[in-house]
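Spelled out, the chains give:
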Amino acid sequence: MAEPSAQDDFAKLTADLATLRADVAKLAETLAAVARSESEAMGAAVRDRVRTRAAQASATATGLLDEGAAALDDAKARAQSLGNDVTAAIERNPLGAVAAALGIGFLVGLLTRGRD
């Protein structure tokens, strides 16, 4: 068997390097495709989570708004009822109401006057 010459070795080495370059290029393309795919999947997962959290926040805000409106309506009804009760008490006993108002005014005056 004949010994390979330097040119044959160089030709084989050149062919092997060309094959290696092609393999590395394919590997780079595959890695880029995998990275794109993973990036798109992660982006979709993040978008889904953001949409879910936004929907939950909206539902919570709506629930709180409804509860606040109900509390406001309840407070208005109680204030109206209290006003009606006070009006009825004044109509039943006008002199007592005047005396109570004078007493309250006197107490407020005592509490707010300056000390000399």
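Procedures and definitions
- Sequence order sets the numbering: in each chain, residues are counted from 1 along the sequence as written.
- Local features in this predicted model are restricted to residues of pLDDT 70 or higher, and side-chain atom pairs are both shown and tallied only at a pLDDT of 80 or more, whereas totals for entire chains, interfaces and linings draw on every residue.
- Values reported for side chains reflect all heavy atoms of the structure, with hydrogen atoms and water molecules removed beforehand.
- Comment: elements are numbered from the N terminus, with helices defined as DSSP H or I runs of at least four residues and strands as E runs of at least two.
- For the radius of gyration, the atom set is restricted to C-alpha positions; the globular benchmark scales as 2.2 Å times the number of residues to the power 0.38.
- The classification of residues rests on relative accessible area computed with a 1.4 Å probe and restricted to protein chains. Under 20% of the type maximum is buried, over 50% is exposed, and intermediate values are partly exposed.
- Calculation of accessible area relied on Shrake-Rupley with a 1.4 Å probe; when residues are assessed, cover is drawn exclusively from the protein chains displayed.
- His is not counted, nor are the chain ends, whereas Lys and Arg count as positive and Asp and Glu as negative.
- Every charge is mapped onto a representative atom, which is NZ of Lys, CZ of Arg, CG of Asp or CD of Glu.
- Salt bridges are counted wherever a side-chain nitrogen of Lys or Arg sits within 4 Å of a carboxyl oxygen of Asp or Glu.
- For patch building, the residue pool is restricted to those with more than 30% relative accessible area and no salt bridge; the joining distance is 9 Å between like charges and 5 Å between nonpolar side chains (Val, Leu, Ile, Met, Phe, Trp, Tyr).

**Observations concerning the overall build of the protein chain**
- Counting its regular elements, the protein chain contains two helices and zero strands.
- Its C-alpha radius of gyration of 44 Å places the protein chain more than 25% over the 13 Å reference for a compact globule of 116 residues.
- Projected onto its principal axes, the C-alpha coordinates of the protein chain cover approximately 135 × 45 × 15 Å.
- Here the protein chain, with 116 residues, has 0% of them falling under the buried criterion.
- Surface exposure of the protein chain reaches about 10,300 Å², of which carbon and sulfur atoms provide 63%.
- One finds the centroid of the 13 positive side-chain charges in the protein chain at a distance of 10 Å from the centroid of its 16 negative side-chain charges.

**Quick notes on the pattern of salt bridges**
- Counting across every chain of the model gives two salt bridges.
- One salt bridge in this structure joins arginine 51 and aspartate 48, with 3.7 Å as the shortest N-O distance. One end of the pair is arginine 51 and the other is aspartate 48, both in helix α1 (residues 6-92) and three residues apart, which spans about a single turn.

**Structural notes on a nonpolar patch on the surface**
- On the surface, Leu13, Leu17, Leu20 and Val24 cluster together into a nonpolar patch covering about 360 Å² of accessible area.
- Position of leucine 13 among the secondary structure elements: in helix α1.

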